[in-house]
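# Notes for the structure review
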Amino acid sequence: MIRYALRCDRNHEFESWFQSSSAYESQVKRKLVTCPICGSAKVDKAIMAPRIVGKKGRGRATPPPEPVATAATPDAAASGPTSLLMAQERELRAKLKELRDHIVKNADNVGERFANEARAMHYGDKEHRPIYGEASPEEAKSLIEEGIEVSPLPTLPEDRN
(Lines give C-alpha, C1' and ligand atoms only; values in the text may rest on other atoms or scores of the structure.)
Protein backbone atom coordinates (compact mmCIF):
# COMPACT_ATOMS: atom_id res chain seq x y z
CA MET A 1 0.00 0.00 0.00
CA ILE A 2 1.16 3.53 -0.79
CA ARG A 3 -0.08 6.67 0.93
CA TYR A 4 -0.08 9.82 -1.15
CA ALA A 5 -0.56 13.41 -0.06
CA LEU A 6 -2.92 14.88 -2.66
CA ARG A 7 -4.13 18.35 -3.62
CA CYS A 8 -7.07 19.33 -5.80
CA ASP A 9 -7.22 22.27 -8.19
CA ARG A 10 -8.80 24.36 -5.40
CA ASN A 11 -5.78 23.71 -3.13
CA HIS A 12 -7.59 21.38 -0.72
CA GLU A 13 -5.07 18.93 0.70
CA PHE A 14 -5.89 15.35 1.71
CA GLU A 15 -4.35 11.90 1.86
CA SER A 16 -5.36 8.59 0.36
CA TRP A 17 -4.04 5.01 0.20
CA PHE A 18 -3.52 3.07 -3.02
CA GLN A 19 -2.53 -0.52 -3.76
CA SER A 20 0.35 0.70 -5.95
CA SER A 21 1.53 3.71 -7.93
CA SER A 22 -0.02 2.23 -11.07
CA ALA A 23 -3.34 1.82 -9.22
CA TYR A 24 -3.17 5.53 -8.33
CA GLU A 25 -2.44 6.49 -11.96
CA SER A 26 -5.27 4.30 -13.24
CA GLN A 27 -7.80 5.70 -10.76
CA VAL A 28 -6.80 9.31 -11.48
CA LYS A 29 -7.06 8.69 -15.23
CA ARG A 30 -10.60 7.29 -14.74
CA LYS A 31 -11.47 10.28 -12.48
CA LEU A 32 -12.12 7.99 -9.49
CA VAL A 33 -9.92 10.05 -7.16
CA THR A 34 -11.85 13.08 -5.99
CA CYS A 35 -11.37 15.73 -3.35
CA PRO A 36 -13.42 14.84 -0.25
CA ILE A 37 -13.93 18.56 0.44
CA CYS A 38 -15.17 19.90 -2.90
CA GLY A 39 -15.54 16.79 -5.08
CA SER A 40 -13.09 17.96 -7.77
CA ALA A 41 -11.53 15.18 -9.85
CA LYS A 42 -8.57 17.42 -10.81
CA VAL A 43 -6.17 15.93 -8.28
CA ASP A 44 -2.37 15.85 -8.21
CA LYS A 45 0.20 14.47 -5.80
CA ALA A 46 1.41 17.02 -3.25
CA ILE A 47 4.89 17.17 -1.78
CA MET A 48 5.10 14.66 1.04
CA ALA A 49 7.76 14.11 3.71
CA PRO A 50 9.16 10.57 3.74
CA ARG A 51 8.33 8.36 6.70
CA ILE A 52 11.53 7.49 8.55
CA VAL A 53 11.54 4.53 10.91
CA GLY A 54 14.18 4.56 13.62
CA LYS A 55 15.92 1.47 14.99
CA LYS A 56 13.37 1.14 17.81
CA GLY A 57 10.48 1.05 15.32
CA ARG A 58 11.91 -1.72 13.12
CA GLY A 59 10.22 -5.05 13.17
CA ARG A 60 6.91 -3.66 14.41
CA ALA A 61 4.24 -3.70 11.76
CA THR A 62 1.67 -1.01 12.25
CA PRO A 63 -1.51 -0.97 10.19
CA PRO A 64 -2.07 2.08 8.02
CA PRO A 65 -4.32 4.67 9.59
CA GLU A 66 -7.86 5.19 8.34
CA PRO A 67 -7.80 7.29 5.14
CA VAL A 68 -9.15 10.56 6.47
CA ALA A 69 -9.12 13.86 4.64
CA THR A 70 -7.30 16.63 6.43
CA ALA A 71 -8.29 20.25 6.03
CA ALA A 72 -5.52 22.81 5.90
CA THR A 73 -7.08 25.54 3.82
CA PRO A 74 -8.37 29.04 4.55
CA ASP A 75 -11.93 27.76 3.91
CA ALA A 76 -11.53 25.25 6.73
CA ALA A 77 -10.18 27.84 9.16
CA ALA A 78 -13.36 29.88 8.87
CA SER A 79 -15.52 27.17 10.43
CA GLY A 80 -12.75 25.64 12.53
CA PRO A 81 -10.48 22.89 11.15
CA THR A 82 -11.41 20.42 13.88
CA SER A 83 -15.17 20.64 13.39
CA LEU A 84 -14.79 20.45 9.60
CA LEU A 85 -12.54 17.42 9.89
CA MET A 86 -14.95 15.72 12.30
CA ALA A 87 -17.92 16.35 9.99
CA GLN A 88 -15.99 15.13 6.95
CA GLU A 89 -14.74 12.08 8.84
CA ARG A 90 -18.29 11.17 9.93
CA GLU A 91 -19.54 11.63 6.36
CA LEU A 92 -16.68 9.56 4.92
CA ARG A 93 -17.23 6.77 7.45
CA ALA A 94 -20.98 6.75 6.71
CA LYS A 95 -20.29 6.47 2.97
CA LEU A 96 -17.71 3.70 3.51
CA LYS A 97 -20.15 1.79 5.72
CA GLU A 98 -22.90 2.22 3.11
CA LEU A 99 -20.55 0.94 0.38
CA ARG A 100 -19.46 -2.05 2.44
CA ASP A 101 -23.04 -2.90 3.45
CA HIS A 102 -24.11 -2.74 -0.22
CA ILE A 103 -21.32 -5.11 -1.24
CA VAL A 104 -22.05 -7.56 1.57
CA LYS A 105 -25.78 -7.53 0.71
CA ASN A 106 -25.35 -7.88 -3.07
CA ALA A 107 -22.27 -10.09 -3.48
CA ASP A 108 -21.33 -13.65 -2.57
CA ASN A 109 -18.83 -14.16 0.24
CA VAL A 110 -16.37 -16.70 -1.16
CA GLY A 111 -14.05 -16.47 1.85
CA GLU A 112 -10.51 -17.74 1.30
CA ARG A 113 -11.39 -18.84 -2.25
CA PHE A 114 -11.50 -15.18 -3.36
CA ALA A 115 -8.31 -15.22 -5.48
CA ASN A 116 -9.26 -18.47 -7.23
CA GLU A 117 -12.85 -17.33 -7.87
CA ALA A 118 -11.72 -13.94 -9.21
CA ARG A 119 -9.23 -15.61 -11.57
CA ALA A 120 -11.80 -18.14 -12.79
CA MET A 121 -14.25 -15.35 -13.64
CA HIS A 122 -11.53 -13.19 -15.23
CA TYR A 123 -10.37 -16.00 -17.51
CA GLY A 124 -13.91 -17.08 -18.42
CA ASP A 125 -13.93 -20.39 -16.51
CA LYS A 126 -16.84 -19.20 -14.36
CA GLU A 127 -19.74 -16.83 -14.95
CA HIS A 128 -19.13 -13.27 -13.71
CA ARG A 129 -20.88 -12.35 -10.48
CA PRO A 130 -20.17 -9.95 -7.62
CA ILE A 131 -17.98 -11.57 -4.97
CA TYR A 132 -16.00 -10.62 -1.90
CA GLY A 133 -13.74 -12.59 0.37
CA GLU A 134 -10.27 -12.82 1.80
CA ALA A 135 -6.92 -12.52 0.04
CA SER A 136 -3.42 -12.07 1.36
CA PRO A 137 -1.47 -8.99 0.25
CA GLU A 138 0.58 -11.27 -2.02
CA GLU A 139 -2.57 -12.76 -3.60
CA ALA A 140 -4.07 -9.30 -4.14
CA LYS A 141 -0.84 -8.06 -5.74
CA SER A 142 -0.75 -11.09 -8.02
CA LEU A 143 -4.37 -10.51 -9.09
CA ILE A 144 -3.64 -6.87 -9.89
CA GLU A 145 -0.53 -7.83 -11.88
CA GLU A 146 -2.74 -10.19 -13.93
CA GLY A 147 -5.07 -7.28 -14.72
CA ILE A 148 -7.81 -8.37 -12.34
CA GLU A 149 -9.25 -5.36 -10.52
CA VAL A 150 -9.65 -5.87 -6.78
CA SER A 151 -10.30 -3.47 -3.93
CA PRO A 152 -10.21 -4.00 -0.19
CA LEU A 153 -13.47 -3.70 1.73
CA PRO A 154 -13.23 -0.70 4.02
CA THR A 155 -12.56 -1.48 7.68
CA LEU A 156 -14.03 1.00 10.13
CA PRO A 157 -13.02 1.62 13.75
CA GLU A 158 -16.23 0.05 15.08
CA ASP A 159 -15.27 -3.20 13.26
CA ARG A 160 -12.22 -3.60 15.50
CA ASN A 161 -14.21 -3.89 18.75
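One structure accompanies this document, and this report is about it. For every chain, the first residue of its written sequence is number 1, and the numbers climb from 1 along that sequence. The predicted origin of the model limits local features to residues at a pLDDT of at least 70 and limits the giving and counting of side-chain atom pairs to 80 or more, whereas totals for whole chains, interfaces and linings rest on all residues. Based on all heavy atoms of the structure, the side-chain values leave hydrogens and waters out of the count.

## Focus: the nonpolar core
Definition of nonpolar core: a set of buried residues of the types Ala, Val, Leu, Ile, Met, Phe, Trp, Tyr and Cys, connected through side-chain atoms within 4.5 Å. Only protein chains enter the accessibility calculation, which uses a 1.4 Å probe; a residue whose area is less than 20% of its type maximum is buried, one above 50% is exposed, and one in between is partly exposed. In terms of nonpolar packing, the biggest core is built from nine residues, these being Tyr4, Leu6, Cys8, Phe14, Phe18, Tyr24, Val33, Cys35 and Val43. Secondary structure follows DSSP: runs of H or I at least 4 residues long count as helices, runs of E at least 2 residues long count as strands, and numbering of each begins at the N terminus. Sorting the residues of this core by element identifies β1 (2–8) and β2 (13–18) as the ones contributing at least two each. When residues in this core are grouped by element, the largest group, three residues, is from β1. With residues near it in sequence (within four places) discarded, Leu6 still touches His12, Glu13, Phe14, Ser16, Phe18, Tyr24, Val33, Val43, Asp44, Lys45 and Ala46. Ranked by size, the runner-up nonpolar core spans eight residues in total, among them Val110, Ala115, Leu143 and Ile148. Throughout, a residue-residue contact means that at least one pair of heavy atoms, one from each residue, lies within 4.5 Å.

## Concerning the side chain of Ser20
Looking at the element boundaries, Ser20 is found in the loop between β2 and α1 (21–29). With relative accessibility at 18%, the residue Ser20 sits in the buried group. For the purposes of these results, a polar contact is taken to be a pair of N or O atoms within 3.5 Å, where, inside protein, one atom must be able to donate a hydrogen and its partner to accept one; residues adjacent in sequence count only when each atom of the pair is a side-chain atom. Within the local environment of Ser20, its side chain forms a polar contact with the side chain of Ser22, the two groups lying 3.0 Å apart. Side-chain polar atoms of Ser20 contact the backbone nitrogen of Ala23, separated by 3.1 Å.

## Remarks on the sheet that holds strand β3 (residues 43–45)
Within a sheet, adjacent strands bond to each other through the backbone by hydrogen bonds, running parallel or antiparallel. For two strands to be treated as a pair, DSSP must find at least two bridges joining them. Taken in spatial order, the three strands of this open sheet run β2-β1-β3, and their pairing is antiparallel. Lying at the two open borders of the sheet, with one neighbouring strand each, are β2 and β3. Direction aside, neighbouring strands of the sheet carry axes that sit 40 degrees apart on average. As judged from the six bridges shared by β1 and β2, these two strands associate in the antiparallel manner. Its bridge partner being in β2, Arg7 is matched across the sheet by Glu13. The angle between two axes is taken between their N-to-C directions and runs from 0 to 180 degrees, where each axis is a line fitted to C-alpha atoms and a helix contributes only its stretch in contact.

## Notes on helix α4 (residues 114–122)
Looking at α4, one finds that the buried residues are Phe114, Ala115, Glu117, Ala118, Ala120 and Met121. Those residues of α4 hidden inside the fold are in contact with β4 (108–111), β5 (131–133) and α5 (137–145). Looking one or two residues beyond α4, the residue adopting positive phi is Gly124, at roughly 85 degrees.

By themselves, these figures tell us nothing about what the structure is for.
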